[in-house]
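Listed below, chain by chain, are the residues.
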Amino acid sequence: MTEQLYWIIQIATLIIFAVMVLGSLREARGIGAIAMQTWREAIRKKTLWLVMLFAVVLIASTTFVQAAGADVVKEERRLRVMLEISFRVMSLFTILCAIFLTSFSLPSDISQRQIFTLLSKPISRWGLLTGKILGFCLLSFVMLVMMAVFTVLTLKITSGRAPAEVKERLLGAREIVRPATFKLMAWRNAQVMKQGVQITMRPEILRGSMFRFNTGPQDKLPGEKEVPVRFRFQHFRNSEGEMRYREEELTNAHIVFDLIEPLSKERKRMTIPLNPENGISEVFKVNRSFFTSNSFGIEVIRIAPETRNVGSTRFLREGETGQWEFKHLKRSALEVDGQAVGDKHVTVQVQFRIVSRGGHYAGSKKTELRFYYDMPEEKRKTVVVKVRDARVTTMNIPSEAIDKTGKLVLKLENPLRTAYFYGYDNQQYGVALLSRPNSFEFNVFKAVVMMSFQVILLVVVTVSASTFLSWPITALTSLFVYFCGSIINFIGEMIAAGEKSGSFLGNQAHDHGHAAGEGLTLFDKLITAVLQLLRLIMPDMTQFSPLSLIGQGYSVSLSELVRSFGYMCIFATIALAIGWSIFRRRSVD
């Protein structure tokens, strides 16, 4: 699903969802009565309280968790395990209670003829479904809040003996501040030919990247006042990583860049057409005033057609420097007091993929990264941090590195003849800032809200399915949706692996006879079709999991809540529309 199509569906379902909510306001009193009746019936069930008691016992048992390592590492691991287990218990037991109680409610009313009593009141079938959903959503939210309160109390009591830095890191609820812009600065060797200077580059470079091209000191530049130059790009790829483009995209291939005068820093913008078949540009002339010591610099503004790497991760190679620029920062929101008096610093999070020159990931081996930043009225400062491949590491820099306009620039230089390349995507991998610690209790509440969106979705699916299925089949259907949604990423990986190898069964189809081979091939296609269908229609339950944030001590942001709510609305609206369209025509006699 493309991003544009996703947003179209998102907006359409939000409009439909808003219409459903506004339509329900006409029966607000009746819906409220059904919701309260559903609530009272649910809390009278002893099974609910037994499940709650079992969940509380499991959360309390996390206090006996032990971890290996030094004191600081040991306490951090122990608290992280407690957090993860507690939130998984909260989510799992609330979902199980919601599914089984909801799946039994409407079929029970129909089989015991209580549906006639409900429909005799001034309420429509739509209001009945909405009231059931509202009642069970309220019950599930109260369950989550009760278990969350017990979890917070348990963690507060248990973390009393933990070091202050561990509590600040895990229970600090810090927000992640991403850089506003990223620039790649690099030195490139240029080849001097009879026709002029030829520059070879990769087409998947980012906008704003800056390059300085060098020719050999013994090379004589052609031309007297102007030097002929041309670009040669490697293979173009479209946004899907494929080599081909539509014809209309190919006709407008070009590069836009600024020539930078070395002394005055004046710029001259140029637009040079590209031949998309061989990636070679037309020859253009560069005034010798832009050259210094047989080199000249440019800043890339745009390359058309837009290209990217086959993978989303780019690598900082030898001789390249990555520059992350943060803007509009507020020191008061980022500054953390150090151990020394007056020592105020900013916490920087570092996470990279580290690959050797041979293409192998570094694994657990530590690598030194050398970052640079500027202090007011001082020379460039350096901070060295040791990192592991794909591991999160933090470092501290003085808060004075943020200037009066709220700007902070961090540079990472990968020297020549380096042993490793550093992978970044400026989302998961790269550099980010962490805010000051916030309220852990409020962060847990936001995590509960995010998890409640998942429960609301499953309640809607269960109520909709119960309009035409018996309660055991309804419960199994909802559990199947929950299970498939929880492993949706694994299903995607299976599909990708099958496409890469050409078959889920490998060479087994060719190792058997002709008839058996055709049968295995057909079975392989059937598996692929089923997996693709599941990935298309099943909701991704990881969209509602706050563990990746709260387990690392990060704050659940408002944007994450809005994204989860919008994602829930898509599937909840579709499920509710299907359930109501069936229930409004169903005979309950």
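Thresholds, definitions, all that
Residues numbered from 1 in each chain as written. Predicted model: local features only at pLDDT ≥ 70, side-chain atom pairs only at ≥ 80, totals over all residues. Heavy atoms only, no water. Core = buried A, V, L, I, M, F, W, Y, C linked by side-chain atoms within 4.5 Å. Buried < 20%, exposed > 50% of the residue type's maximum accessible area, 1.4 Å probe, protein only. Helix = DSSP H or I, 4+ residues; strand = E, 2+ residues; numbered from the N terminus. Contact = heavy atoms within 4.5 Å. Pairing = 2+ DSSP bridges. Axes fitted to C-alpha atoms, helices over the stretch in contact; angles between N-to-C directions. Parallel < 35°, antiparallel > 145°, perpendicular 65-115°, else oblique. Left-handed = near helix turned anticlockwise from the far one by under 90°. Nonpolar A, V, L, I, M, F, W, Y, C, P; charged D, E, K, R; others polar. Expected span 1.5 Å × (residues − 1). Salt bridge = Lys/Arg side-chain N within 4 Å of Asp/Glu carboxyl O.

Q: Just checking my understanding: could you explain the nonpolar core for this structure?
A: As a rule of thumb, soluble globular proteins bury nonpolar side chains together. Phe 87, Met 90, Val 444, Leu 457 and Val 459 are the most contacted members of the largest nonpolar core, which totals 86 residues. The dominant element in this core, judged by the number of residues it contributes, is helix H10 (residues 440–466), at 15 residues. Setting aside its immediate chain neighbours within four residues, Met 90 contacts Ile 59, Leu 144, Met 147, Ala 148, Thr 151, Val 448 and Met 451. Listed in part, the 59 residues of the second largest apolar core include Phe 182, Phe 231, Val 286 and Ala 362.

Q: Got a minute to help me understand unusual backbone geometry in this structure?
A: Most peptide bonds take the trans form, and the phi angle of most residues other than glycine is negative. With a phi angle near 50°, Ala 173 is a residue other than glycine that sits in the positive phi range. Counting through the fold element by element, Ala 173 comes out in the loop between helix H7 (164–170) and strand S1 (176–177). One non-glycine residue, Ala 390, lies in positive phi territory at about 65°. Position of Ala 390 relative to the elements: it lies in the loop between strand S18 (380–387) and strand S19 (393–398). Accessibility expressed as a relative area gives 27% for Ala 390, which makes it partly exposed.

Q: Hey, could you run me through the pairing of strand S4 (residues 197–201) in this one?
A: Two faces, one strand: in a regular strand the side chains alternate between the faces of the sheet. Of all five residues making up S4, four are buried, and the element is well covered by its neighbours. Bridge count between strand S3 (residues 191–192) and S4: two bridges; the pairing is antiparallel. Bridge pairing links Val 192 to Val 197 in S4. Linkage of S3 to S4, two consecutive antiparallel strands, is achieved through a turn of four residues, within which Gly 196 is found at a positive phi near 145°.

Q: Help me out: how do you make sense of the packing of helix H6 (residues 125–158) against helix H16 (residues 558–583) in this one?
A: The description of two helices packed together rests on the angle between their axes and the distance between the axes. Two elements in contact, H6 and H16, have axes separated by 10 Å at closest approach and are oriented at 135°. Of the possible angle classes, the one that applies to H6 and H16 is oblique. Handedness of the H6/H16 crossing: right-handed. Counting all contacts with H6, which are made through Arg 125, Trp 126, Leu 128, Leu 129 and Ile 133, the residues of H16 involved are Leu 576, Gly 579, Trp 580 and Phe 583. In terms of residue class, the contact of H6 with H16 is made up of seven nonpolar, one polar and one charged.

Q: Would you mind showing me how to read H10 here?
A: Note: α-helices contain 3.6 residues per turn, so residues at a spacing of three or four share the same orientation. Here H10 spans 39 Å end to end across 27 residues, near enough to the 39 Å set by a 1.5 Å rise per residue. Burial analysis of H10 places 23 of its 27 residues in the buried class, which makes it a mostly covered element.

Q: What should I look at first to understand the packing of helix H2 (residues 28–43) against H6 in this one?
A: Between H2 and H6, the shortest axis-to-axis distance is 7 Å and the interhelical angle comes to 45°. With respect to their mutual orientation, H2 and H6 come out oblique. The way H2 lies across H6 gives a crossing that is right-handed. On H6, the residues touching Ile 31, Ile 34, Ala 35, Thr 38, Trp 39, Ala 42 and Ile 43 of H2 are Gly 127, Leu 128, Thr 130, Gly 131, Lys 132, Leu 134, Gly 135, Phe 136, Leu 138, Leu 139 and Val 142.

Q: Which parts of the structure should I look at to understand the pairing of S19?
A: Side chains Thr 393, Met 395 and Ile 397 project from S19 onto a buried face, and the interleaved Thr 394, Asn 396 and Pro 398 project onto a face without burial. Note: strand S15 (residues 344–351) against S19, six bridges, orientation antiparallel. Following the sheet pairing, Val 350 is matched in S19 by Thr 393.

Q: Mind showing me how you'd approach the pattern of salt bridges here?
A: Where charged atoms from two side chains of opposite charge come close, those side chains can pair. A full pass over the atoms with the stated rule returns 11 salt bridges. A salt bridge links Asp 258 to Arg 267; its shortest N-O distance comes to 3.5 Å. Residue Asp 258 is classed as buried on the basis of its relative accessible area, which comes to 6%. In this structure, the salt-bridge partner of Glu 560 is Arg 563, at a minimum N-O distance of 2.5 Å. In this pair, Glu 560 and Arg 563 are both assigned in helix H16, three residues apart and thus about one turn of the helix distant. Look at Glu 560 and you get partly exposed, because its relative accessible area is 25%.

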